[in-house]
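# Structure at a glance
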Amino acid sequence: MAVSERTVLQFGPSSATASLTAKVNPLVIFNICDCFVRRPDQAERVIGTLLGSVLPDGTVDIRNSYVVPHNEFSDQVALDIEYHHTMLKSHLKVNPQEAIVGWFSTGLGVTGGSALIHEFYSREVSNPVHLTVDTSFGSGEGTIKAYVSVNLSLGDRPLAAQFQEIPVDLRMIEAERVGFDILKTTAVDKLPSDMEGMEVLMERLLSLINDVYKYVDDVVEGRVAPDNCIGILISESVASLPKLSPPVFDKLINDNLQDQLLLVYLSSITRTQLSLAEKLNTAAQLP
Amino acid sequence: MANTMARSFLQAVATEEVATPLRVVQIEGLVILKIIKHCKEFSPALVTGQLLGLDVGSVLEVTNCFPFPIQEEDEEIEADGANYQLEMMRCLREVNVDNNTVGWYQSTMLGCFQTVELIETFMNYQENIRRCVCIIYDPSRSNQGALALKALKLSDSFMDLYRNNNFTGEKLREKNLSWVDIFEEIPIKVSNSALISAFMTELEPDTPVTQGDYDRLQLSTNPFLERNMEFLIECMDDLSMEQQKFQFFYRSQSRQQAQQQAWLQKRRDENKARKAAGEEPLPEEDPANPIFKPIPEPPRLESFLITNRIANYCNQINGVTGQSFNRLYLTKALHDN
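Residues numbered from 1 in each chain as written. Chains lettered and ligands numbered in written order. Predicted model: local features only at pLDDT ≥ 70, side-chain atom pairs only at ≥ 80, totals over all residues. Heavy atoms only, no water.

With an unreviewed UniProt entry as reference, chain B is termed Eukaryotic translation initiation factor 3 subunit H, source organism Acer negundo. In the Subcellular location (unreviewed entry) part of its UniProt record, chain B is described as follows: "Cytoplasm". Checking UniProt for chain B, the heading Subunit (unreviewed entry) contains the comment "Component of the eukaryotic translation initiation factor 3 (eIF-3) complex." (UniProt positions renumbered as here; feature names shortened; annotations may be inferred.)

As annotated in an unreviewed UniProt entry, chain A is Eukaryotic translation initiation factor 3 subunit F from Acer negundo. Of the comments in the UniProt record for chain A, the one headed Subcellular location (unreviewed entry) reads "Cytoplasm".

Quick look at the structure:
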């Protein structure tokens, strides 16, 4: 009985991979793209190491990456392991918290050589993540996928590794802070200043409010079929404004305004003082 | 023929020497993200890293960068750091990254980056590379929705003075150099490869509101302003200290002059007496006398830098309060509606 149980074809630890997701920092995508653009002449794709950490809830947080030179023949892959190790050492010096979590490759999906490279990374870290970035836009869109390998074994003998896709979280908090306007286009002449940013923001807010107005008017006049979900959301956002009596609100705003005005006054008086001091300092003639 | 060719080549080289001034720093989006990541992860500790890129005419292209490990005051580790730098450069060259140093980046807290160390680092870099920039990133300001990235360089006239150590009041007047002229800010351009642009468009559809917008709408700027004011007050104290030094210097100098005059007067009277007595007059100068020793002028650099910092704080306060006004009026309008 026990013997027959061992010879059953089984997939490796599948419970561990069930809850696994990968979170990718936009920097990684940027880096991979940059590497791909700078790849050697004859290379079809670039591969490299992913750095990051595994969060307590099982999410693999991919925060950094570096490319590793490699050569690919028909069914052989030669990876510059020495390069990989020096680079890893350098990266660890800067940020010891970022360990190897997997590897990336450009191209769509998994190819033949991938199993070999994956095996190599399995020796560096248990259960590495394989990230593929389709830089050729072959399917008309840039597909980014992450895989983990699941061991397929017959009894004790490992037969093969199967790549199982895991969900990728590409939320770009970092990138959002920089602003898509800067990252999306190929050239931006000038960074937006504080005030310009504010202006754009106001315009956007105004158009959003106008949209809401228009929607509500349309619903009231029966031009658009009412949607309860949207109605609830609108009433919620209106209700989220704190209800203050006008005098209290006025006082709040005015106090704040006074504070800010005071600061502006102070800073301009300081500036005047500075230019005065400078004149006196350099104008004072030495004998 | 060959001769003229050679000469024209020489001429070409000679004209090349008169470099066009640096007008724009062009940064890749990748570099911006790398800098933000590095500076933010280690905030509030201040970190630095190296910028790599190309120098093309009046544009300095920054195409990659790598961070430096946090420095410790230890010689062995310092040598280690230099090793790290070489290793990293070698590794990056192997994967076809431009390995030409064009400057460095560093993070700052509320913009108090104008220090003597910065100038010294700059001079060090400047010795090796003709054109270099320093990119300053302020993580604390970025929480308000602004991309606080600045490219700086030292002005040529300041570098001349600093190199020759001529930082005296007289020279400053001669060159007409004031505190505004120490640093030059260079406009930043951002560029991305077409591939990245495609990916970003693919991954992020146009959202009406971004995180940066939320940050910008934050009403509570008070902690930021408070800290700004604290730093400002500190700087004012420093500045008044420096000015006291100057006052002291002027006062002692005028006292010395008075002493010199008195001494001279005495010597002249004495000489007159000696002449009347038919003796040789004594010389009218006496280098051995301590009152003729010139009093060293206090260094001006520090007060210049402090002034720069104060101006910076003032600018920040103005900027932030300007934004707050907008926000307050916006809130008011919303509330009235």
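### Let's talk about the packing of helix α3 (residues 26-37) of chain A against helix α8 (residues 194-203) of chain B
In the contact formed by α3(A) and α8(B), the axes pass within 9 Å of each other and the chain directions differ by 145°. Of the two elements, α3(A) crosses α8(B), and the hand of that crossing is right-handed. Of the residues in α8(B), those in contact with I29(A), F30(A), C33(A), F36(A) and V37(A) of α3(A) are L195(B), I196(B), F199(B) and M200(B). Tallied by class, residues from the contact of α3(A) with α8(B) come to nine nonpolar, no polar and no charged. (Axes fitted to C-alpha atoms, helices over the stretch in contact; angles between N-to-C directions. Helix = DSSP H or I, 4+ residues; strand = E, 2+ residues; numbered from the N terminus. Left-handed = near helix turned anticlockwise from the far one by under 90°. Contact = heavy atoms within 4.5 Å. Nonpolar A, V, L, I, M, F, W, Y, C, P; charged D, E, K, R; others polar.)

### Structural notes on the side chain of H70(A)
The topology assignment puts H70(A) in strand β5 (residues 70-72). The residues touching H70(A), leaving out its near neighbours within four places in the chain, are R45(A), V46(A), I47(A), V77(A), A78(A) and L79(A).

### Concerning α3(A)
All names here are of chain A. Under the 1.5 Å per step criterion, the end-to-end length of α3 is 17 Å for 12 residues, consistent within 8% with the ideal 16 Å. Here α3 lies mainly inside the structure; 11 of its 12 residues are buried. The opening residue of α3, the one whose side-chain oxygen lies 2.9 Å from the backbone nitrogen of L27, is N25. (Expected span 1.5 Å × (residues − 1). Buried < 20%, exposed > 50% of the residue type's maximum accessible area, 1.4 Å probe, protein only. Polar contact = N/O pair within 3.5 Å; in protein donor to acceptor, adjacent residues only side chain to side chain.)

### Considering a nonpolar patch on the surface
All names here are of chain A. A grouping of L262, Y265, L266 and I269 is seen on the molecular surface, where their side chains present a nonpolar patch of about 400 Å² in accessible area. Along the polypeptide, L262 turns up in helix α10 (residues 246-283). Among the residues examined, L262 registers a relative accessible area of 56% and is labelled exposed. (Patch = residues over 30% accessible without salt bridge, like charges linked within 9 Å, V, L, I, M, F, W, Y side chains within 5 Å. Areas by Shrake-Rupley, 256 points an atom, 1.4 Å probe, with all protein chains shown as cover. Salt bridge = Lys/Arg side-chain N within 4 Å of Asp/Glu carboxyl O.)

### Structural notes on the environment of V59(B)
Residues and elements named next belong to chain B. Within the secondary structure layout, V59 lies in strand β3 (residues 59-67). Counting along the chain gives 37 residues from V59 to L22, while the straight-line C-alpha distance between them is 6.1 Å. Each residue touching V59, except ones within four places of it in the same chain, is listed here: L22, V24, Q26 and L54.

### Digging into the confidence of the model for chain B
Close inspection of predicted coordinates is inappropriate for parts of the model with low pLDDT. Residues and elements named next belong to chain B. Taken as a whole, chain B shows an average pLDDT of 77; of its residues, 80% reach a score of 70 or greater. Confidence, expressed as mean pLDDT per element, reaches its minimum in chain B at helix α1 (residues 2-17) with 50 and its maximum at strand β5 (residues 133-137) with 87. The complex model carries a pTM of 0.77, and its ipTM stands at 0.76. (pLDDT = per-residue confidence, 0-100.)

### Description of the nonpolar core
In this structure, L131(A), I27(B), I35(B), L51(B), I119(B) and L154(B) are the most contacted members of the largest nonpolar core, which totals 124 residues. Ranked by residues supplied to this core, first place goes to helix α11 (residues 301-336) of chain B with 10 residues. Residues in contact with I119(B), not counting those within four places in the same chain, are L154(B), F158(B), Y162(B), I182(B), F183(B), L301(B) and L305(B). F249(A), I253(A), L257(A) and L328(B) belong to the second largest nonpolar core, which has five residues in total. (Core = buried A, V, L, I, M, F, W, Y, C linked by side-chain atoms within 4.5 Å.)

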